[in-house]
Structures are given as structure tokens and as C-alpha cells.
Amino acid sequence: MARKKLVLSIGMIVKNEEKKLERCLRALQPLRDAIPCELLIADTGSTDGTRAIAEQYADTVLDIEWTNDFSAARNAVMDIARGVWYLSVDADEYLDDATELAQFLTGPQAKKTDIATVVISSYTQNDPDGDASLFSAVRLLRMALGLRYEGKIHERWNITTDMKWHHLAHTLFHHDGYFYRTQQEHINKAQRNLALLKDELKENPEDSMLILQCMESSGPLVQEAVEYSHRGMELIQREPRIPYWDIVAGPICRKAVNFAARYQMPEWDDWMTWGEKNLPDSPFIRVDVAYYRLCWLYNLKKYEQIPAVADRFCAAWQEFHDGKYGPEEFMMSSLYYTSARYISFANVFKARAYLALGKEKEALQLLQDVDLDHARPDLLEAWLDAMEYAADLPDAAAITAKNLSNLLLDTQESTGTSRQALYSRIAAAFLPNRQDSGWRIYTDLDTDQGRGARLFAMSAGKQAQDVLNQIENWGEIPPTVLAHVWQIGATLPLSFYAQSLEELHDTTARLAQYDRALAAHTLIQLQHTRDTEDFAIQSFNFQLLLAALQKMSADESQFRALCVWFGRTASIYLQNMYHHDRLQDEKSIRFLPALHRFAWYFLLAQTAAAQGESTTCVHALRQSLVQAPVMKAMVQALLPMVEDNSFPLDIASAPPELLELADKIRTILQQYPSDDPVVQAIKQSSAYKKVAYLIEDPDTMWVV
């Protein structure tokens, strides 16, 4: 029986593609089932399982020597092809749907066509639902034309204008070859590609297509990106115009602006302006450069100009999706900013500009209409920045709650927006370096962070207590909210202490970083829990005291009170933590954690000070510092107090001379009303600060 005439030859070159090859070949199977065709694969030196996979699917697998020439490798495959048509496919691509392609090859349109373009959807992230650059690529060729590939890299057929071509608008190949697991992987590929391109460029130093390929291969290589950007812009700005100016000028200008933006080159604005003036109809200028212009204006806070540029970008974006630009526009490169998320960015930038220009109603409407359900962190960040700027507007909190509801309930890991990333961004609104009231937009959230925002807005402890009792995940409560809770006189509920010891320790670390009044708030917390026997509370108080004493932001009287409390708390905490045999002497404590050994030596110093043994006290303090150098500031502040016999002690252990001084000052204070200026002057004196903890009850003196 005569063999069917082959309609199509599918040609591939591969090397070490075992992770992606089978996906590609499986996706081609419906096409192979639909029409008579052959699959030809050339292996250029694989050392993994690529060849074995190829043999399972291909009609012919051949081995060819790699000579640093992609055209030579592809032409070796074309030379053995027997089909009427030739389709070139890469291993890092996979066909979405073969229906249109099969119908074309077996239908009347094929007889009127020499070459055909398909759509390539190229991803830079490991997410088929994420951002992609769409471009047309000549992948289908009538073999009778006799064409072969040219160029060592970014190889292409030398298409002429007299050839009849057809665009397969619904034949889509997904491509993830530009998704790099590491930056070094990206650099390695860029260096490999540029080495091949530079060889060709030596022979044709002013070939604009080669210059464009060098620009697009330079990505992570700053020096090369800057060099080829200047060379490319110099070429397209020449008079008379260079060959192929109409098809290369737009992509070259866009890529130069891309690098100028990425690497903060001074030509950024000049190159944008040149493109806008000389290439007003190019989609690369109307879409991509317009987006760069929008970002440039936003970064410079030139809000008056943003709305018009945002509208211009959105109109061009819509023109692209309406099919205004033919596939021939994208033969040399693809657009970068065609994803719907960039329309969202444009609207956020426009809304922020409207807020600055006093158009609050229009701004809130734009922000309300932004879809955040699949937003990546950068879009979410921009949206929240704009909303926080609008925090004092009546509907801002309600809009925030509505737009964030789905993200907070079920964040989409595939889009890069994790629940923790979102919560961290919201928590940033509560930090003390934020000078605005942006946190108010979160008060309507039905989450623990929403409850934290409502607490932050309260001024009375009794009012806050009900909200505190509703919190389930304390890790979502910013440290500044906890500080505010203490400030208004509320008490942390038992559920707070039900966290793991690690979580409580993390809370004290965050408080140390962000609570500007940690010393005073620590003393309030200690007053609230002074009679506790709960070990979790004791542990938290111990860690909190260490954090406050490390930070050393207290004045002298606060510092002395903290030291008194540290002695009380450390004594109870260590006794509950360890068997008394582990606390007997220096030898028995050597296996304790460093800060526990520090506390042991501090208690030893405190005992020595109470007994008037200054030498022993100093020795114990110096040993405590050896155990925990992070407590250096505290120890340095205590050493002079040993010398002048004013080491902070409980009233029962205080030296007679300090008790006598305290009694004298107390007598003087009793002679004046509490609001008398004399009283305030006395309380600012060094003598008072030395004995304040003896005059005032440390359990109540820091309640504010």
C-alpha cells in the first residue's frame, strides 16, 4: 500500500531538555493524529534523559555535533524533512490547540500561502495564568521555497516581501524558556547568547536586527545593556534612515527605554520623548513606552500629567487587544505590557493623581473598580498606597474591605501574593515611621488585622477589651497596636499568652524594633500582671524586660524601675524554669541559654549590692556581660551605680543611705501640691531619679 503523502514535517533541536520535552511532544500528538506528518528531532549532545524521551515520540532521532550555530543545527533537520510544510518547534514550548493549524494545512488557504505565523505566549514567571508577552513568529514554511535558516543565534528564515503569508491567530504556543529559576541561570544564558551574537556583529557591526537581538539578550548584564542601548538608539536616529527602519525602530527604542528605566540611565526621558515624536504610530511606543512614561511621572509625582498619559496607554492597550495592529508589527519583538494587570496599574496611578489633585470621588471609583483577586504584590502595594492616602475619606475603609475580602480569605499562591505577604504589607501601615493615618482603611476588615486597626483607633481600655478578646491570631497584630493597647490601659487577654514561647519571643523582638516607648509600656505590662503565677506570662515578661533593657531608651528613673522588675521577674522565672540544682553555682549554669546565665549573674550582683559587697557585685556584672554581650548598655549603666552605692534594689533590700535620701525627698514633696512647679523640678533632679523607685510604687508609677 502506498504511503500517504506527508503534509507536515515537525522539526526540533534539543539538548538536555528532559524536564520539558515530554510536555511539548504530548501537546503535539493531536496535530500528528489529525494530519499525515513526521516528527524529526536532532539531539545536539544531551547528557540527561532527553534522547530516550525523544525516541518514544519521534519518527526520526538524529545526533548532530554542536558547532555553536543554531542555524546549522536546524538546517540539518530541514535537510531530511519530507513534508510539504515544515513546522519549527522548541522543547520549551507546547501547543495549546491544534485545531486551526490542522484545518489550515488541509484546507484551501494553505494552497495560497508560502509562510504562516503563529502566536507565541512567552512567560517570565512559572505561571501559565500570569503575565505573558504575545508575539507573532514565522514557524510554518512551505518546503518548496527552498529556504534555510540564517544566523548563529535567534536564527530566522530570510523572508521576502513577495512571499504570501497567513497569520494563524488561534494557533498558540506557550513558551517558558525565559523563566529562570535563579539570576545566575539568566546571566549564563545571556552570556552564551551574546557570545554568538558578537561573532556575527563583527562581520555586520551596523546590522540593526543584530543590535536589537544583542539588546534583548543583554537583560541582566548591565554594561552590555547600556552599550547596546546607545548603539541601537544611534542607529535609528540616523539620517537617512537605515534599512528595515520601519520594523526595528520601534522595538529598539522601546528596549532602550526599558533599560534606561531599569538601570536609571539619564537618557530615559530623552529616549521616550524621541520615540513619542518620531514613532507615534508604533505599538511599541503607544503601549510600552507610554507605560514607561506613566511610571516615570508617577515616580516623580508629576500628578498633573498622569491622567492624560494613563488614558493614552489604556486606549493603546485596548487597540492592541482589538486587533488594530497586524502580526507583521511583532515579527521582531513582542509587547511587554499587554496583560490586564497593567490597566489596573494605570488606573491606580491615575487614582493617586486624582487624590493629589482633589478629585476624591473619581479616585475612589477607580480604586474600587480594580480587581485584586489575582493581584501580584507590586500591584497590591500600589493599590494600598493609594488607598492609605485616601484613608480619611468616608468610603475608604468599606472599599478596602470589599476589594481585599477574597484575598484575605483565600490568597492565590500561584500569583505570588501570599497571605503572609499581604499581612506584612498591611502591618507596615501601623509602623511609627508612617506619618499618615493610612491604617484607618483597615478598620472594616473582618480579620484580626481589622480588629487591630479598630484597637488602634480606640482611646479607652474598657472599650478595647471586647475587641482584644476576639483576636485569634496574634501574629497578625502589629507591635505598635500592642503598644497602643498598653497606652490606653487595656490588658492583654489570656489568649495572647496561649501562643507558643517562640511566638511570644518573636513578639518581644518586634516590640523592641518598633515600640518607641517600650520602657514605659513594659512597666505597664508588669503592673498588669504583677501577681501572675502563669509561666507563659512570666516568660513573656522576662523576654520583654530583656528587650527593654537592651534597647536602653528609658530615662534614669525608668531604667532603675526596670532593673528592680528584672530582678523580681528573673528570680521567679528561673526558679520555675529550672530545678534548683541547676541554679546552685557558676558550674551548674554553664549549659543554660546565654540570657538565662546573664539573669543568674544579675541576681548575684543584686544580692551582693544589697549586702554592700561592691567588689562581688562588679565581678558578677562583668561576668553577666561575658554571657550576653547584647546587654552591654545595661551593664555599663549599672557599674557607676555600684560605685556610688545606688544599685537599683527592692525597697526591702535598699541601702540605708538611699532610704534616708528617699525619705527626705518624700518629706519635701509632701509640702507642695502635686501640680506645683517645685514638684516637677524636684522630679527632674538626679537625686530624685536615683530614688524614684523607692518613693513611688513601681507597680503603679508608669500607668499612663
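Fair warning: this is a prediction, and the values are worked out from it, not measured in the lab.

(A) Looking closely at the overall build of the protein chain. For the protein chain, the count of helices and strands is 30 helices and 10 strands. Seen through its principal axes, the protein chain has C-alpha atoms that stretch 115 × 60 × 45 Å. Across the 704 residues in the protein chain, those meeting the buried criterion constitute 54%. Counting contacts in the protein chain only where the partners sit at least 6 residues apart, residues at least 24 apart contribute 68% of the total. In the form shown here, the protein chain has an accessible surface area of approximately 32400 Å², with 49% of it arising from carbon and sulfur atoms.

(B) Quick look at the nonpolar core. Counting residues in hydrophobic clusters, the biggest one holds 192 residues, and the most contacted among them are Phe313, Trp383, Leu404, Tyr442, Phe566, Met634 and Phe647. A per-element tally of this core places helix α10 (residues 283–299) first, with 12 residues. The contact partners of Leu404, leaving out residues within four places of it in the chain, are Leu372, Leu380, Trp383, Leu384, Ile426, Tyr442 and Leu445. Within the second largest apolar cluster, 39 residues are counted, among which are Leu28, Ile41, Ala102 and Phe104.

(C) Spotlight on the side chain of Arg293. Considering the arrangement of structural elements, one finds Arg293 in helix α10. Under the relative-accessibility criterion, Arg293 is labelled buried at 9%. Within the structure, the side chain of Arg293 is placed 3.2 Å from the side chain of Thr273, a separation counted as a polar contact. What Arg293 contacts, discounting residues up to four positions off in sequence, is Asp269, Met272, Thr273, Glu276 and Val309.

(D) A look at the sheet that holds strand β6 (residues 115–123). Read across the open sheet, the eight strands follow the order β3-β2-β1-β4-β7-β6-β10-β5; overall the sheet is mixed. Whereas interior strands pair on both sides, the edge strands pair on one side only; in this sheet they are β3 (60–63) and β5 (93–95). Strand-to-strand, the axes of this sheet are offset by a mean angle of 30°, without reference to chain direction. Across four bridges, the pairing between strand β2 (residues 37–43) and β3 is parallel. Bridge pairing in β3 places Ile41 opposite Val61. Docked against the sheet, helix α1 (residues 21–34) engages β1 (8–14), β2, β4 (85–88) and β5, running at close to 180° with respect to β1. Helix α4 (residues 99–106) contacts β1, β4, β6, β7 (132–142) and β10 (165–175) of the sheet and is inclined by roughly 150° relative to β10.

(E) Just the pattern of salt bridges, in detail. Counted according to the given criterion, the structure contains 31 salt bridges. Its salt-bridge partner being Asp378, residue Arg341 comes within 2.4 Å of it at the nearest N-O pair. Of the two residues, Arg341 is situated in helix α12 (residues 340–356) and Asp378 in helix α14 (residues 377–389); the sequence distance between them amounts to 37 residues. A salt bridge links Asp385 to Arg425; its shortest N-O distance comes to 2.7 Å.

(F) Expanded view of unusual backbone geometry. The amide bond that connects Glu239 to the next residue, Pro240, takes the cis arrangement and shows omega of -5°. A positive phi angle, near 55°, is found at Gln264, a position not held by glycine. Tracing the sequence through the fold places Gln264 in the loop between α8 (245–262) and α9 (268–278).

(G) Quick peek at the packing of helix α26 (residues 614–627) against helix α27 (residues 632–643). At a minimum axis separation of 10 Å, α26 and α27 run at an interaxial angle of 170°. Our classification of the angle between α26 and α27 gives roughly antiparallel. Where α26 abuts α27, its residues Ser614, Cys617, Val618, Leu621, Arg622, Ser624 and Leu625 lie against Lys632, Val635, Leu638, Leu639 and Val642. Here the contact of α26 with α27 is composed, by residue class, of eight nonpolar, two polar and two charged.

(H) Structural detail: the pairing of β10. The sheet contact formed by β5 and β10 spans three bridges and is antiparallel. Considered in β10, the bridge of Tyr94 is made with His174. The pairing of β6 with β10 spans seven bridges and is parallel. Pairing of Ser122 across the sheet is with His175, part of β10.

(I) Structural detail: the packing of helix α23 (residues 535–551) against helix α24 (residues 556–577). The geometry of α23 relative to α24 is characterised by a closest axis approach of 9 Å and an angle of 140° between their N-to-C directions. The angle between α23 and α24 falls in the class oblique. Handedness of the crossing formed by α23 with α24: left-handed. Residue-level contacts link Phe535, Gln538, Ser539, Asn541, Phe542, Leu545, Leu546, Ala548 and Leu549 of α23 to Phe559, Leu562, Cys563, Trp565, Phe566, Thr569, Ala570, Ile572, Tyr573, Asn576 and Met577 of α24. Looking at the contact of α23 with α24 residue by residue, the class counts come to 15 nonpolar, five polar and no charged.

(J) Broad picture of the state of the cysteines. Tallied over the full model, the rule gives zero disulfides. With no disulfide partner, Cys295 has as its closest neighbouring cysteine sulfur the one in Cys314, 12 Å distant. Classification of Cys295 as buried rests on a relative accessible area of 18%.

(K) Main features of α12. Over its 17 residues, α12 extends 25 Å from the first C-alpha to the last, a length consistent with the 24 Å expected when each residue adds 1.5 Å. With 14 of its 17 residues buried, α12 lies for the most part within the structure. Looking one or two residues beyond α12, the residue adopting positive phi is Gly358, at roughly 85°.

(L) Geometry of the pairing of β7. Burial analysis of β7 places nine of its 11 residues in the buried class, which makes it a mostly covered element. Pairing between β4 and β7: three bridges, direction antiparallel. From the neighbouring strand, Tyr86 faces β7, where its bridge partner is Leu141. When β6 meets β7, the two strands line up antiparallel, connected through nine bridges. The residue of β7 that forms the bridge with Tyr123 is Ala132.

(M) Seen up close, a nonpolar patch on the surface. Among the surface-exposed residues, Ile668, Tyr672 and Val678 lie close enough to one another that they form a single nonpolar patch of about 220 Å² accessible area. Of note, Val678 is situated in helix α29 (residues 677–683). Val678 gets classed as partly exposed once you look at its relative accessible area, which sits at 33%.

(N) Fine view of the packing of aromatic side chains. Counted by the stated rule, this structure contains 31 aromatic pairs. Arranged with centres 6.2 Å apart and planes meeting at 80°, the rings of Tyr336 and Tyr337 form a pair that is edge-to-face. On the numbers, 5.2 Å between centres and 85° between planes, the contact of Trp474 with Phe496 is edge-to-face. Of the two residues, Trp474 sits in the loop between α18 (461–470) and α19 (479–487) while Phe496 sits in helix α20 (residues 494–497), which places them 22 residues apart along the sequence. The class of Trp474 is buried, set by a relative accessible area of 4%. By way of ring pairs, the aromatic residues Tyr291, Tyr292, Tyr298, Phe313, Tyr336, Tyr337, Tyr342, Phe345 and Phe349 are connected into one cluster. Looking at Arg352, its charged tip hangs above the ring of Tyr389, at a distance of 3.6 Å from the centre. Cation over ring: Arg568 sits above Trp565, and NZ or CZ is 4.7 Å from the ring centre.

Rules used in this analysis
Residues numbered from 1 in each chain as written. Predicted model: local features only at pLDDT ≥ 70, side-chain atom pairs only at ≥ 80, totals over all residues. Heavy atoms only, no water. Helix = DSSP H or I, 4+ residues; strand = E, 2+ residues; numbered from the N terminus. Buried < 20%, exposed > 50% of the residue type's maximum accessible area, 1.4 Å probe, protein only. Contact = heavy atoms within 4.5 Å. Areas by Shrake-Rupley, 256 points an atom, 1.4 Å probe, with all protein chains shown as cover. Core = buried A, V, L, I, M, F, W, Y, C linked by side-chain atoms within 4.5 Å. Polar contact = N/O pair within 3.5 Å; in protein donor to acceptor, adjacent residues only side chain to side chain. Pairing = 2+ DSSP bridges. Axes fitted to C-alpha atoms, helices over the stretch in contact; angles between N-to-C directions. Salt bridge = Lys/Arg side-chain N within 4 Å of Asp/Glu carboxyl O. Parallel < 35°, antiparallel > 145°, perpendicular 65-115°, else oblique. Nonpolar A, V, L, I, M, F, W, Y, C, P; charged D, E, K, R; others polar. Left-handed = near helix turned anticlockwise from the far one by under 90°. Disulfide = S-S within 2.5 Å. Expected span 1.5 Å × (residues − 1). Patch = residues over 30% accessible without salt bridge, like charges linked within 9 Å, V, L, I, M, F, W, Y side chains within 5 Å. Phe/Tyr/Trp six-rings, centres within 6.5 Å; stacked < 30°, edge-to-face > 60°. Lys NZ or Arg CZ within 6 Å of the ring centre and 35° of its normal.

By themselves, these figures tell us nothing about what the structure is for.
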